[in-house]
Structures are given as structure tokens and as C-alpha cells.
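What follows is each chain in one-letter form.
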Amino acid sequence: MSAPILETVGLCKHFVTRRPLIGAPTVVRAVDGVDLRIARGETFAIVGESGCGKSTLARLLIRLLDPTHGSVFYDGRDIAALPREEMRRLRRDLQFVFQDPFSSLNPRMTVGALIEEPMRAHGIGDAAQRRAEVARLLARVGLRPDYASRYPHEFSGGQRQRIGIARALATGPKLLIGDEPVSALDVSVQAQVINLLEDLKDEFGLTLIVIAHDLAVVRHMSDRVGVMYLGEIVETAAAQTLFEAPLHPYSRALLGAIPVPDPARRGQAPAALTGDLPSPSAPPPGCRFHTRCPYATELCAAERPALRDAGPGRHVACHHFECIGAGHGLPPPPERAPHVARRFALYRAGSERMSAARRGHTTNQTTGGMT
Ligand code: SF4
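Remember, it's a predicted structure, so these values are computed and weren't measured experimentally.

J.: Hey, could you run me through the sheet that holds strand β8 (residues 207–212) in this one?
T.: Strand pairing in a sheet relies on backbone hydrogen bonds, with the paired strands running either antiparallel or parallel. As summarised here, the arrangement of the eight strands in space is β6-β7-β8-β3-β9-β10-β12-β11, forming an open sheet in which the pairing is mixed. Strands at the two margins of the open sheet, each flanked by one partner only, are β6 (94–97) and β11 (308–309). Where strand β9 (residues 224–229) meets strand β10 (residues 232–238), six bridges bridge the pair, whose relative direction is antiparallel. Among the inter-strand pairings, Y229 is bridged to a residue of β10, identified as E232. On top of the sheet, helix α1 (residues 54–61) reaches β3 (43–47), β7 (175–179), β8 and β9; it is set at about 155° to β8, its chief contact. Against the sheet, helix α9 (residues 249–256) contacts β3, β9 and β10, and its axis sits at roughly 105° relative to β9.

Below, the structure is given as C-alpha cells:
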């Protein structure tokens, strides 16, 4: 890979929570030791279950959050250590498209003022130049320039996301991060917004980082993918390689959950994931996936696997990825050591209790608490 535009080294974000009057503080390890290299001009997707730390990682990458440990290098400069004023100037290059187009736009501002605001904050152009740029950006994202005088509530979800994208482009960024940019939209407009992002990437020479849980979106638009589990990156690979032959058992389970409309392949998919994600405030020791992994051994429960080289442009954090392999000759799941089996059963019971509690909560909500 040529010199990366963005690189993280040992990036961590730990949140400390304290319940009033009760006991010791709890440390939530939302992101825990992430090493990533993003090449200039590529589209890099980060995937994983809800709660795995994807959105926190996205915010750390452009310092919307300060890391607890570790560094984020943008063009060779550690932005985690930059003074506030220098960081503010650098924000021209680093922009963010938020997930929810309904809450990310100030309802009291007109669309024109919303798109113009970042330009004013960075002292770009005079008033007439900024107005012309607002009209140009609106047209570029597929909206009429006269919409500048309207308010966000007058638009549909897809139109608001286009406004959010126009606002993100207003400073001429080099790196754009989309945190689930289409997940709040109707399926019918998701493809339009994805195509728009791809066109803009080429036109503006952007590097795109997309956080997503919709694997169809990821497969369609990304060059490389990082799979995240409980605050850690467990596999990185070119998108095509990953979707054709995932190596990490978690990637295999995640991709195996994609429905395949082919009766001939029924029963060939790897076992779907079972159980809930363990709590990031008490992550399992060793490999964090060992409480849900069908291949877990004693080593997995004792030792955290490092992200290892697994071929050109590919890295995997699993003690046994070589023998789990690319889908041929899979070894049978090994017998779990007694202490691993006990922990497995404990997590399974806990996650089933939580699922049952959530189901009860949902029932209460839908029946107005009359159950
Ligand atoms: Fe499964 Fe062990 Fe690999 Fe973790 S290290 S993913 S538990 S086989």
C-alpha cells in the first residue's frame, strides 16, 4: 500500500461510567487497540454487529472524540495530539455524514444557511461566493438550488441526507466518513444515495470510510473491509476476497447470515451467529469471540490473538485461521476445555436472559404495560 491517508496505532476509547451511590466505576472498552491503514482514494467499510464500537471508531478517526490511548495519523500527522486551533483548521479536510438525517440538521436553519455554515466557520469565500457555492452543491446532490430558502422539515429523508452530504462537501474535504449513511432511509432511495456518494467520491477525489451493517451495501461500494468485534478489528481484506472466502470465524458467521436465493446452496452456509455480543465492560479474556466461536480451544480462551498477515492486503486475528481455511476441509469443532465450556454456557445463559427481558420490554411497550 502507498503512504496511507489515515492510520491508527493502538487506538482505544474507554468510557468510565459510575452509577450514583453504588460501587466502583465501570470501564466500557468501546474501542480497544485498533490498528488500521486507509489508502488514499479507497472506499473502506467497517462492519460488525450493533454495539461492536463501529460508530465510536468513526468518531475517533476525525477526533470528534478524543482517544483514551493510541494515535490517529492523518497525512502523517497525529491528530490526536494536535492543539485545538490546528485541529479546527484541519477539519476542512475531514468531514462526516451522520446516520440520521432527521436529527443531524438544525430545524431552525434554512438549507442554505446549513450548507453555508461550515464555509463561514472556515472563512471560505465572501457572502456572494458562498451563496453561489450553496446553489452549486445543491444542484450537484440532485436538489433544486431554490431549495436553499426552505427548512429541513419540508424534505423527505432521502432529500435531507442529500442536504447533509452537500453540507459535508462544502469545505472541500479529502476524507469523508459516512456513519450508516443510508440505514435510516427507505430501501427505494438507498441506492440513489449510494450512487451519489460513489459519483462524488470520483468527482471530488475523496477517500471514503463507510460504517455499515448492511452487507449488501458494503459489498457494492467498498474496496476493502474491516470486520469489527467487541471493540477490535478481527479481519481486514479486499472486499471481493472477504465476501468470497472469509477467514475469521466471526466474518464467516456474519457473511453466512446473508440470505442466498439459491435452493442448491441450502445448508452450505456456515452456522449463523448465536447469542448476544458480550458486554464491552467485561469482555471475555483471550480471544473475545471465543464464547461464541464453534472452533474455540483452550488457547483461544487464554491468549488474545494478534492481527496476523494472511496474504496480500489481508490480516486476521485468529489463532486457527490457517486450518479453518477458505471453506474446504474444515476441521470439526474441537472439544471445549471444561473452563471454556463453563464460560460459554454462562455467556449463553446471560444473553438468553437479556433477549427474554428485551422481548418482555417490547411486549410491555406494545400493550401499554398491560401484560
Ligand atoms: Fe475462534 Fe479461537 Fe479463532 Fe477466536 S482465536 S476466532 S475463538 S478459533
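J.: Is there a simple way to explain the site of the ligand in this structure?
T.: Within the structure, the ligand sits among 13 residues, and C287, H290, C293, C300 and C318 are positioned closest to it. For the shell around the ligand, the residue count by class is nine nonpolar, four polar and no charged.

J.: Explain the sheet that holds strand β4 (residues 69–74) here, please?
T.: One open sheet holds the four strands; their spatial order is β2-β1-β4-β5, and the pairing between them is antiparallel. Lying at the two open borders of the sheet, with one neighbouring strand each, are β2 (26–38) and β5 (77–78). Where strand β1 (residues 6–17) meets β2, 10 bridges bridge the pair, whose relative direction is antiparallel. In the sheet register, C12 faces β2, and the bridge partner there is D32. Across the face of the sheet, α1 comes into contact with β1, β2 and β4 while running at roughly 60° to β2.

J.: Would you explain helix α4 (residues 127–140) in this entry?
T.: Along an α-helix, residues three or four apart share an orientation, since each turn contains 3.6 residues. Here α4 contains 14 residues, and its C-alpha end-to-end distance of 20 Å stays within 8% of the 20 Å for a straight helix at 1.5 Å per residue. If you check which residues of α4 are buried, you get V134, L137 and L138. An end-on view of α4 places all buried positions within 100° of arc, on one side of the element. Away from its buried face, by an angle of more than 90 degrees, α4 presents the exposed residues A128, Q129, A132 and R136. Once α4 ends, the next one or two residues include G142, with phi positive near 90°.

J.: Please clarify how the nonpolar core should be interpreted in this entry.
T.: Most often, soluble globular proteins have nonpolar side chains that are buried together. V47, L61, A166 and V227 are the most contacted members of the largest nonpolar core, which has 87 residues in total. The residue makeup of this core includes at least three contributed by each of domain 1 (1–92 + 199–355) and domain 2 (94–172). If we skip the residues at most four places from it in the chain, V227 touches V47, G48, I233, V234, E235, H248, Y250, S251 and L254.

J.: Explain the packing of helix α3 (residues 111–121) against α4 to me, please; I cannot follow it from the model alone.
T.: The relative placement of two packed helices comes down to the angle between their axes together with the axis-to-axis distance. In contact at an axis separation of 9 Å, α3 and α4 are set at 125° when each is read in the N-to-C sense. As the angle between them shows, α3 and α4 are arranged oblique. In this structure, the crossing between α3 and α4 has a hand that is right-handed. Taking contact as the criterion, the partners of G112, I115, E116, M119 and R120 in α3 are, on α4, R130, E133, V134 and L137. When its residues are assigned to classes, the contact of α3 with α4 shows four nonpolar, one polar and four charged.

J.: Looking at this structure, how should I read the packing of helix α5 (residues 157–169) against helix α6 (residues 187–204)?
T.: In the contact formed by α5 and α6, the axes pass within 10 Å of each other and the chain directions differ by 15°. One finds that α5 runs roughly parallel with respect to α6. Where α5 crosses over α6, the two elements pack in a sense that is right-handed. Residue-level contacts link G158, Q161, R162, I165 and L169 of α5 to V189, Q192, V193, L196, L200 and F204 of α6. In terms of residue class, the contact of α5 with α6 is made up of seven nonpolar, three polar and one charged.

J.: What's the story with α3 in this structure? I'm lost.
T.: Taken together, the buried positions of α3 are V111, L114, I115, E116 and M119. Tucked inside the fold, the buried residues of α3 contact α4 and α5. Directly after α3, the chain includes G123, whose backbone phi takes a positive value near 65°.

Analysis parameters
- Residues numbered from 1 in each chain as written.
- Predicted model: local features only at pLDDT ≥ 70, side-chain atom pairs only at ≥ 80, totals over all residues.
- Pairing = 2+ DSSP bridges.
- Helix = DSSP H or I, 4+ residues; strand = E, 2+ residues; numbered from the N terminus.
- Contact = placed C-beta atoms within 7 Å.
- Axes fitted to C-alpha atoms, helices over the stretch in contact; angles between N-to-C directions.
- Near = placed C-beta within 6 Å.
- Nonpolar A, V, L, I, M, F, W, Y, C, P; charged D, E, K, R; others polar.
- Expected span 1.5 Å × (residues − 1).
- Buried ≥ 20, exposed ≤ 12 C-beta atoms within 10 Å, placed from the backbone.
- Arc of directions from axis to C-beta.
- Core = buried A, V, L, I, M, F, W, Y, C linked by C-beta atoms within 7 Å.
- Domains from an automatic or database assignment.
- Parallel < 35°, antiparallel > 145°, perpendicular 65-115°, else oblique.
- Left-handed = near helix turned anticlockwise from the far one by under 90°.

Keep in mind that these numbers describe shape and distance, not what the molecule does.
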